[in-house]
Amino acid sequence: MQSILTILLVLPVLGAILIAALPKNSAKWGALFTAILTFVASLALLGYTPVALGTDAATLEQAAGQFRQFEQKIPWLSDFGISFHLGVDGPAMLLIVMTTFLQIFAVMASFDAIKDRVKEYYVLLTLLETAMIGSFCALDLILFYIFFELVLIPMYFLIGIWGGKRRIYAAVKFFLYTLVGSLLMLVAIIALYLNVRGILGTSEGTFDYLTIKSVLADNPLPLRTSLLMFGAFSLAFAIKVPMFPFHTWLPDAHTEAPTAGSIILAGVLLKLGTYGFLRFAIPLFPEAARLSAPFIITLAVIGIVYGALIAAMQRDVKRLVAYSSVSHLGFVMLGLFAFTPQGMSGAVLQMINHGISTGALFLLVGMIYERRHTRAIKDFGGLWEQMPLFSRIFLIVTFSSIALPLTNGFVGEFLILLGAFQTYPWAVVFATTGVIWSAIYMLWMFQRVFYGTVDKPENRALRDMTRFELATAVPFVLMIFWLGIYPTSFTRYMDSSLDLILRDATGKETVRYVTYQRDGLSRARAERAATADEPRVETPPIPASTGPGPRPAFGGELPPPPGVSPLPEGDAVSPADGAAGASAEPAPVAPPPGPPADVPQPRVPGL
Amino acid sequence: MKETLEGISALAAPIIVMVLGMVVLLMDLNAESTRAQRQRLVWISLLGLAGAFVMAMAAGFGIKTLPSDVRPEASYFGGGMVGDRFGALFSMVLCIIAALSLLMSDRYLEEKGLNQGEYYALILFSTAGSMMMAYAYDLVNVFIGLEILSVALYILSGFARRELRSEESAVKYFLLGAFASGFLMFGTALVYGAVGTSLLTVQTEVEKNASLTNFYTIAMALRDTASTATPLASSPIFVAGIALLIVGLGFKAAIVPFHSYAPDVYEGAPTSVTAFMSAGAKAGAFAAFLRVYQILLPSEAATGPYRSVLWGLAAATMIVGNVLAVRQVNIKRMLAYSSIAHAGYILLGVLATGAVGLRGNEMDEARSVAQGAVLYYLFVYTFMNLGAFAMVIWLSRRNGREFLNIQDYAGLARQQPGAAAVMAVFMLSLAGIPPAAGFFGKLYLFLSAVNSGYTGLAVLGLLTSVIGVYYYLNIIVTMYFRPAVNDFSETLGGGAKTAALIAAAATLLLGVIPVPAFSPAFSRGEAAPTASSTRSTSGTAAPTGPGAPGNSAAPAAMDALPVPAP
């Protein structure tokens, strides 16, 4: 299974060739087959075992260890130190699985909608999957850049050929807007290469992410340089996210894209931006990231409120959902740059949540568009009676988007707000209004579309969901509740990776240490205290009554978020645990690192 | 200097191509004008070019001379020509350019009623001239090569002699080109005078009867007079001479502000000729440019004034080419401006061979990276640019009339999805979007530019290439997103189709598969990308390649393939 990532990259390409060879009518089945096969293959990634974060010193070893499990490294353009280097850590792994999951429904949503140039459509859609997966697992900066750009090409065609009325404008705007940012990132990548080569003092440089990261960790760049590079990386990713002033391509692209395009765009492509921050911008330039955090948080909060306000005013359902993405992604950015464990976990969780709930919303809007060929809110009304099944599923997804407790949206947003409150309380004050706004625009839209009487004659003939449509929608509903009720089965994969990123970013010991033992399947807590203000390595002893080792879960000063079930002591076997192994023997808890006097004092409870 | 014809096989490529041109002319003499006989000419030409390609590879790869080594390992004709790897790589690129051009010409000329044997001979002569520029080690030989290249091109651009536009193209090209040749000649004369004067006063190793326009002589004169009261580098006559050389070569390479002929000439000339011109003339001009610049490089005083000039020229070329291309409605004019923009990128790479603020080993390193990048870019550019022109021919009507307006290609993807996809590959590659080869070409160029301290220019290059993306995408938009206006069911196809498909395959593969021949380690003449010791020995090592290319050079070429890093 070591080569699973390469397999995941190759499968869609083979699928695309298969589709091209199939007759026109069965192209869609070929695409669906490929998507399901890729999804099943990607489940192998769930065998990923979170790497324990242990002692204070060996951070870089562990950083590399994060990626070792499915790592592949083949020399490629070795003159320039470019290699075909793939690997995942927790968040990347989850995002890949989310991508392959959404791909299935993107294909299914196209079954009835696409009648023109069918083969080309499915070939492009399938190739897009390769590019997306590649972006999430590339560990070489040039390789990442290539996949990052490669995503643009199929999407550009999907919008431009199968899009709505203003599709050409939307497609070109999407392409150029994203390209400008990423070209600046390319300059930064080149500059980074040369700087690292200068530091290493060799004639051969490298574009390898892990190498560059470890070199930079030992030899920090001058602040001015790293701020410039961080700026270039951030601009590329901020456009992709999109953050507040760079968001104008998004509503156009979303509105004009076909349903599948919207699902992929919202579900995966926007995550490339936030993932870029998480993987590249923050770990490579931690100091610059820390310095820019207040600025980025400000933009994120503006995005949250602004996106929500604009969404409330939209007349087109799809445009409304598009603007709501600006608001939701603002939350993700807030969580990332709060630099607290809860914020980070919340942000990654929210990335997945947003993929699921917004993907579902676009899917449902697509269904109704196929029936009425309009998306204007005023053209509907009274659908609750007319399409009972559809309305109820739409309601659940709406709740998820509003972040009602027990749905996935709540967990993500709550964690983000909780995390950000510790560092930027005022930002949270404003950001929280976004939650209220989202209730307003979503429910108002829901009310106008579904309640009242059927006053338009065209709406009387509307059929409810077909069985096929139901089959596409139900998995989303299941995921919404699964993530909402038991998010631990997802967070357990990513917490240790995030702790590491956080430690790199802040230069301090993380507050939460969660140790996972490989064979024990147990989630033991070896929490170590951590003073949020002391630099690592020289943590002074803190007198405290609690001894080292496991401690009660609810011992912190802040209550754990509802809906997040803290695990009991020792081991807890979640349903997803079965994938990881068989032995259920609780492994010994890793002893807390540091000098004996260094007694942990928990500040904030973990997840 | 080695005075012998013994190893002349190092110069086999231009000789073969030149002789091939004559053979084609002779064969055409007694030929009845049947199509089959013309086709035989094409096949013979292609075969000959393949031979030249192999000879260049076998002979040139054995020799470890750098364009920056002032004293070449194997030189011929009184030191006026040098059979080195640099020239060999250019010759190989030129063989490909000529082969693709010939391949796309045949049926196109037939349909236009222009299918005459001279055409093939002229293309071959022109190629040989361009190759000669790449091997030339004396300004006089550069001039001769340029003239062989140009005179053939003047005739070729007016080859469609019944078309007014073609005539205009030929006259315009000839008048301006003759003027530019004059500049080059005059520059050579000034350099001759300046070098000769400067050598009178100093102690030098240059022999008494050495050619004063030889690159080696110039380099020695620069070095030996550097510490005297009247250094050659600051002699006004020398400075003026080099400036005139830049004008003359810049004209052939279509660098702004010497570019103004290009759009008209490109538009008027038969498309197959335009295709050849856009790559072949550029390759020759840049080869000579690179050689002259390398000679000047060791002397800070000599390159100093030109750094800023070349900086300005590269910036202007990238901006003007890209900005003016946006407004073009004619696809050939658009490609003309795009080729101007690409000349700007290549010039950036030439400039990067002289690193700012680096010394010794680092400077050599930066230089060989930049040389490799320029060569690689020309290689890639050949495929994508010739491919785009081949598409224009492929899609033309049965009577040889091309669809010249970009709008004519609307809806192509619906009628000819394969052709549209191939065209899209070329456009994406020209735009520099990964994973097409154009991206890697640009990556290496900009990498070497930043490496050599030209960060500003690299950023400018990236920003202007965003403009480029716009007009290249415009073609894709037209082909894919707009409803059809023309009927593409009857296309010309033929050799142009083959050429386009070959070029597309190369464009897709070149990026993904590393090409060892263009890696900096290779142009340094090293077997593996680690040691830099061969540099010091390359001057003294006995020449291995030229003697017997069949047995000794081929293993050397094999040695030169880089070993993947452990």
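See the structure shown above.
Attention in this report is confined to the structure presented alongside it. (Residues numbered from 1 in each chain as written. Chains lettered and ligands numbered in written order. Predicted model: local features only at pLDDT ≥ 70, side-chain atom pairs only at ≥ 80, totals over all residues. Heavy atoms only, no water.)

## Some details on the overall build of chain B
- Within chain B, the secondary structure is distributed over 21 helices and two strands.
- Counting only residues that meet the buried cut, chain B has 65% of its 566 residues in that class.
- Within chain B, contacts between residues separated by at least 24 positions form 81% of all contacts whose residues are at least 6 apart in sequence.
- Per element, the accessible surface of chain B, about 18500 Å² overall, is 65% carbon and sulfur. (Helix = DSSP H or I, 4+ residues; strand = E, 2+ residues; numbered from the N terminus. Buried < 20%, exposed > 50% of the residue type's maximum accessible area, 1.4 Å probe, protein only. Contact = heavy atoms within 4.5 Å. Areas by Shrake-Rupley, 256 points an atom, 1.4 Å probe, with all protein chains shown as cover.)

## Quick notes on the environment of Gly276 of chain A
Residues and elements named next belong to chain A.
- Secondary-structure assignment places Gly276 in helix H12 (residues 259-284).
- Residue class for Gly276 comes out buried when judged on its relative accessible area of 0%.
- Each C-alpha atom, one on Gly276 and one on Ser489, is 24 Å from the other, the two residues being 213 residues apart in sequence.
- Ignoring sequence-local partners within four residues, the contact set of Gly276 consists of Phe237, Lys271 and Ala281.

## A few points about helix H1 (residues 4-21) of chain A
- Over its 18 residues, H1 of chain A runs 25 Å from end to end, which matches the ideal 26 Å to within 8%, given 1.5 Å per residue.
- Buried residues belonging to H1 of chain A abut helix H2 (27-42), strand S2 (82-86), helix H4 (90-113), helix H5 (118-137) and helix H6 (141-150) of chain A. (Expected span 1.5 Å × (residues − 1).)

## Quick word on a nonpolar patch on the surface
All names here are of chain A.
- A surface patch of nonpolar side chains, amounting to about 390 Å² of accessible area, comprises Val10, Val13, Leu14, Ile17 and Leu127.
- Tallying contributions element by element places H1 first for the nonpolar patch, with four residues.
- Its place among the elements puts Leu127 in helix H5. (Patch = residues over 30% accessible without salt bridge, like charges linked within 9 Å, V, L, I, M, F, W, Y side chains within 5 Å. Salt bridge = Lys/Arg side-chain N within 4 Å of Asp/Glu carboxyl O.)

## Overview of the packing of H6 of chain A against helix H8 (residues 167-200) of chain A
Residues and elements named next belong to chain A.
- The N-to-C vectors of H6 and H8 enclose an angle of 175 degrees; their axes lie 11 Å apart at closest approach. Taken together, the axis directions place H6 and H8 in an arrangement best described as roughly antiparallel. Across the interface between the two elements, Leu141, Ile142, Phe144, Tyr145, Phe148 and Glu149 from H6 touch Leu179, Ser182, Leu183, Met185, Leu186, Ile189 and Leu192 from H8.
- Tallied by class, the residues present in the contact of H6 with H8 amount to 11 nonpolar, one polar and one charged. (Axes fitted to C-alpha atoms, helices over the stretch in contact; angles between N-to-C directions. Parallel < 35°, antiparallel > 145°, perpendicular 65-115°, else oblique. Nonpolar A, V, L, I, M, F, W, Y, C, P; charged D, E, K, R; others polar.)

## A closer look at the pattern of salt bridges
- Across all of its chains, the model carries 20 salt bridges over all chains by this definition.
- Linking Asp208 of chain A and Lys73 of chain A is a salt bridge whose minimum nitrogen-to-oxygen distance equals 3.6 Å. Of this pair, Asp208 of chain A sits in the loop between H8 and helix H9 (209-218) while Lys73 of chain A sits in strand S1 (residues 72-77), and the two are 135 residues apart along the sequence.
- In this structure, Glu267 of chain B and Arg165 of chain B form a salt bridge, with 2.8 Å as the shortest nitrogen-oxygen distance. Linking Glu267 of chain B in helix H9 (residues 261-268) with Arg165 of chain B in helix H6 (residues 164-201), this pair joins segments that are 102 residues apart in sequence.
- Within this structure, Arg165, Glu168, Lys172, Asp264, Glu267 and Arg333 of chain B form a network of salt bridges that share partners.

## Digging into the interface of chain A and chain B
- Contact with chain A, which involves 38 residues of that partner, is made by 37 residues of chain B.
- Taken together, both faces of the contact between chain A and chain B bury some 3500 Å²; the carbon and sulfur share is 77%.
- For chain A, the biggest contributors to the area lost against chain B are Asp79, Phe80 and Arg117 of chain A; these three give 16% of the whole.
- Taken together, the connections running from chain A to chain B amount to one salt bridge.
- The salt bridge involving Arg414 of chain B is made with Asp116 of chain A; its shortest N-O contact spans 2.9 Å.
- Inspection of the chain A/chain B interface yields four residue pairs in polar contact (both at pLDDT 80 or more).
- Sorting the residues of the side of chain A that touches chain B by element identifies S1, H6, helix H7 (152-162) and H8 of chain A as the ones contributing at least two each.
- For the side of chain A that touches chain B, the element with the most residues is H8 of chain A, which contributes 15 residues.
- Looking at side-chain class alone, the side of chain A that touches chain B contains 27 nonpolar, three polar and eight charged residues. (Buried area = accessible area lost by both parts, 1.4 Å probe. Polar contact = N/O pair within 3.5 Å; in protein donor to acceptor, adjacent residues only side chain to side chain.)

## Observations regarding the nonpolar core
- Membership of the largest hydrophobic core comes to 421 residues, with the highest contact counts inside it found for Phe277, Leu334 and Phe337 of chain A.
- Every residue in contact with Phe337 of chain A, bar those within four places of it in the chain, is listed here: Phe230, Phe277, Ile282, Ala289, Ala293, Ile296, Ile297 and Tyr424 of chain A. (Core = buried A, V, L, I, M, F, W, Y, C linked by side-chain atoms within 4.5 Å.)

## Section: the side chain of Lys252 of chain B
Residue and element names in this part refer to chain B.
- Examined against the element boundaries, Lys252 turns out to sit in helix H8 (residues 236-253).
- Buried and without a salt bridge, Lys252 has Glu147 as its closest oppositely charged side chain, separated by 6.6 Å.
- At 3.1 Å, the side chain of Lys252 and the side chain of Ser150 are in polar contact.
- Aside from chain neighbours lying at most four places away, what touches Lys252 is Leu146, Leu149, Ser150, Tyr154, Tyr173, Tyr261, Ala281, Lys282 and Ala285. (Lys, Arg positive; Asp, Glu negative; His and termini not counted.)

## Examining the layout of surface pockets
- Taken as a whole, the largest pocket holds about 1400 Å³ of empty space.
- What lines the largest pocket is a set of 39 residues, and nearest its centre among them are Leu124, Leu127 and Leu150 of chain A together with Pro435 and Leu508 of chain B.
- Elements with a minimum of two residues in the lining of the largest pocket: H1, H5, H6 and H7 of chain A together with helix H15 (417-431) and helix H18 (495-512) of chain B. (1 Å grid on protein atoms, 1.4 Å probe; cavity = no way out; pocket = protein on both sides within 12 Å on 5 of 7 lines; lining within 4 Å. Points joined across faces, edges and corners; volume = space filled by probe spheres on them.)

## Quick notes on helix H7 (residues 215-224) of chain B
Residues and elements named next belong to chain B.
- Of all 10 residues in H7, nine are buried; the element is thus mostly enclosed.
- Burial in H7 covers these residues: Phe215, Tyr216, Thr217, Ile218, Ala219, Met220, Ala221, Leu222 and Asp224.
- The secondary structure elements touched by the buried residues of H7 are helix H5 (139-157), H6, H8, helix H10 (271-296) and helix H11 (300-326).

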